[in-house]
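Observations on chain architecture
In case you want the letters, here they are:
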Amino acid sequence: MAQRMNTSQCPLCQRSNHCGVNSDMPCWCMSETFPEGLLEQIPQEQRCISCICQACVKKYQLESGNKAK
Ligand SMILES: [Zn+2]
Ligand SMILES: [Zn+2]
């Protein structure tokens, strides 16, 4: 069973990332800043291929925000 890279799937939680890149409308990720520490959690081959979902970005921002304070 060959697993194809699913670009509509978040590489971190494997849920739908609701990325708009594959559709006609601009994706929310275009205006979102992805922290470098979050990008580092994605396997190299999946970076810049599938978007991280908004939930994972929010979660990371919360966690790193808590650590900073
Ligand atoms: Zn996710
Ligand atoms: Zn996207």
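For the structure itself, consult the block above.
Described in the following lines is the structure provided in the data block. Being a predicted model, the structure only gives us computed values, none of them experimental.

What counts, and at which threshold
- Residues numbered from 1 in each chain as written.
- Chains lettered and ligands numbered in written order.
- Predicted model: local features only at pLDDT ≥ 70, side-chain atom pairs only at ≥ 80, totals over all residues.
- Heavy atoms only, no water.
- Helix = DSSP H or I, 4+ residues; strand = E, 2+ residues; numbered from the N terminus.
- Donors = N, O, S within 2.8 Å, 3.2 Å for Na, K, Ca; no water.
- Tetrahedral: all angles 85-135°; square planar, octahedral: opposite > 155°, others 65-115°.
- Buried < 20%, exposed > 50% of the residue type's maximum accessible area, 1.4 Å probe, protein only.
- Lys, Arg positive; Asp, Glu negative; His and termini not counted.
- Salt bridge = Lys/Arg side-chain N within 4 Å of Asp/Glu carboxyl O.
- Contact = heavy atoms within 4.5 Å.

Points about unusual backbone geometry
One non-glycine residue, glutamine 14, adopts positive backbone phi at about 60°. Position of glutamine 14 relative to the elements: it lies in the segment before helix 1 (36–39). Its identity is not glycine, yet histidine 18 carries a phi of approximately 55°, on the positive side. Tracing the backbone shows histidine 18 in the segment before helix 1.

Considerations on the coordination of the zinc ion (ligand 2)
In the first shell of the zinc ion (ligand 2), the protein supplies Cys19 (SG), Cys27 (SG), Cys29 (SG) and Cys51 (SG), at 2.2 to 2.3 Å from the metal. In this structure, the zinc ion (ligand 2) is surrounded by 4 donor atoms whose angles at the metal cover 83 to 165°, and the resulting shape is irregular.

Structural notes on the coordination of the zinc ion (ligand 1)
Six octahedrally arranged donors around a metal ideally form angles of 90 or 180 degrees; four tetrahedrally arranged donors ideally form angles of 109.5 degrees. Within the protein, the atoms that donate to the zinc ion (ligand 1) are Cys10 (SG), Cys13 (SG), Cys53 (SG) and Cys56 (SG), at distances of 2.3 Å. Residue cysteine 10 is classed as buried on the basis of its relative accessible area, which comes to 1%.

So, the side chain of glutamate 32
Within the fold, glutamate 32 resides in the segment before helix 1. Of the buried charged residues, glutamate 32 lacks a salt bridge, with lysine 58 as the closest side chain of opposite charge at 4.5 Å. In contact with glutamate 32, not counting residues within four places along its chain, are Gln54, Val57, Lys58 and Gln61.

Functional significance is not addressed by these values, which are geometric in nature.
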